[in-house]
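Residue strings, one per chain:
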Amino acid sequence: MSLLKQLPKVDLHLHLDGSIRPGTILELAAEAGTALPATDATGLLPHMQADDECASLVEYLEKFNFVLPYLQSRASLRRAAYEIVENAAEDGCLYIEVRFAPMLHVHRGLSAADAIEGVIEGLREGEARHGIKARAIAICMRHQSAADNLEVVRTAASYLGQGLVAVDLAGDEANHPPARFREVFALARQLGIPFTIHAGEAAGAESIAEAIEGLGAIRIGHGVRLRENPALLELVRARGIPLELCPTSNLQTKAVAGWDDYPIRDYFDRGLRLTINTDNPTVSGTSMTRECEALAQRFRFTPGELASLMRNGIEVAFLPEGEKAELRAEFDRRLAALGIGV
């Protein structure tokens, strides 16, 4: 087993509906009596995975529409959540935060609460069987109504500390800027729910600025376009606001022009607080190990530097300090066993 495979990892930006196994869709479709465009997992991949021709975030997000009809029951959500934990454990993760949009799963009778409970049940089963920590983040979707998003926040508040740790804003960033969602995240602040915001992916640095100053985000999902505003970059560095970078996904959605244009080494050397994440393992055809391998090969990140990025994930996780301390101890134990210093 390679050193990077064994490296203890943390994945804070991991979408449930972007992580579904093709084999699971085959089985769920069979249970539902629904015909699929292919009869095996390999044949389904083009419908579930972005390719080199993907031109934008909007095109990338279309892959989610293929799996969502099969994630409309508590049992299917529980299964999907469990399998994400199983996959992450096999890839060396110690902790994951799994995000999903409850209101995308209510089209066949579920409530937002039902969807959250189904996901939490699957995460807990995965934790018990595979020995890693997993928590849920409820997403508000940019294209949905204020009423729906306010319902997500209110419902999430009922599960805060019971398997759910935060809320998020995701979706078509370019056409739905964060300023439209001030009311939604004002409620999250009022209810004491931490949140991260997708920003600086399909829109520029102004989106990041609004997410921080207008909405109050304490983490930024992606944030790869922060360099477009040097003053904002310095503010983010000075405040220690974490960026949830997702390298492979960021290339596929055209947040950057290519690997040579990816600013991670520059951000790292400037002292920004970075985390590395998969975003959507199935849609992007990636894993945490593959993300680490890409950084090592393309940007000469050493095992120690990669370990420091994973330690950042522990420090900025939406977890109580006691649970972070447990993660740090296990992380350090595994690093020592591998002979990796940070």
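Please read all numbers here as calculations on a predicted model, not as lab measurements.

**Thoughts on the sheet that holds strand 4 (residues 164-170)**
Next, step 1: Taking strand neighbours across the sheet as the criterion, the eight strands line up as 1-2-3-4-5-6-7-8 in an open arrangement whose pairing is parallel. Each of the sheet's edge strands pairs with one partner strand only, and the pair in question is strand 1 (9-15) and strand 8 (274-276). Across the sheet, the mean angle from the axis of one strand to that of its neighbour is 25 degrees, orientation sign disregarded.
Next, step 2: Bridge analysis of strand 2 (residues 93-100) against strand 3 (residues 133-141) gives six bridges, and the strand direction is parallel. What sits directly across from V98, in strand 3, is A136.

**Some points on the packing of aromatic side chains**
Next, step 1: This model, assessed by the stated rule, comprises six aromatic pairs.
Next, step 2: With 6.4 Å between their ring centres and 45 degrees between their planes, Y262 and F299 make a pair best called tilted. With a gap of 37 residues between them, Y262 in the loop between helix 11 (247-252) and helix 12 (264-270) and F299 in helix 14 (residues 288-299) connect regions that are remote in the sequence.
Next, step 3: On the basis of relative accessibility, which here comes to 4%, the residue Y262 falls in the buried class.
Next, step 4: With relative accessibility at 13%, the residue F299 sits in the buried group.
Next, step 5: Aromatic ring contacts, followed pair by pair, group W259, Y262 and F299 into a single cluster.

**A few points about the nonpolar core**
Next, step 1: Judged by nonpolar contacts, the single largest core of 107 residues is most densely connected at L16 and F185.
Next, step 2: Excluding residues that lie within four positions of it along the chain, L16 makes contacts with L71, L77, A80, A81, I84, V98, R99, F100 and V119.

**Examining helix 9 (residues 205-215)**
Three or four residues apart is the spacing at which side chains of an α-helix point the same way, because the helix has 3.6 residues per turn.
Next, step 1: The element helix 9 is extensively covered by neighbouring structure, given that eight of its 11 residues are classed as buried.
Next, step 2: Among all positions of helix 9, only A205, S207, I208, E210, A211, I212, G214 and L215 are buried.
Next, step 3: Turning to helix 9, the residues buried within the fold contact strand 4, helix 8 (182-190), strand 5 (195-199), strand 6 (219-222) and helix 10 (230-239).
Next, step 4: Downstream of helix 9 by one or two residues, G216 has phi in the positive range, about 95 degrees.

Thresholds applied
Residues numbered from 1 in each chain as written. Predicted model: local features only at pLDDT ≥ 70, side-chain atom pairs only at ≥ 80, totals over all residues. Heavy atoms only, no water. Pairing = 2+ DSSP bridges. Helix = DSSP H or I, 4+ residues; strand = E, 2+ residues; numbered from the N terminus. Axes fitted to C-alpha atoms, helices over the stretch in contact; angles between N-to-C directions. Phe/Tyr/Trp six-rings, centres within 6.5 Å; stacked < 30°, edge-to-face > 60°. Buried < 20%, exposed > 50% of the residue type's maximum accessible area, 1.4 Å probe, protein only. Core = buried A, V, L, I, M, F, W, Y, C linked by side-chain atoms within 4.5 Å. Contact = heavy atoms within 4.5 Å.

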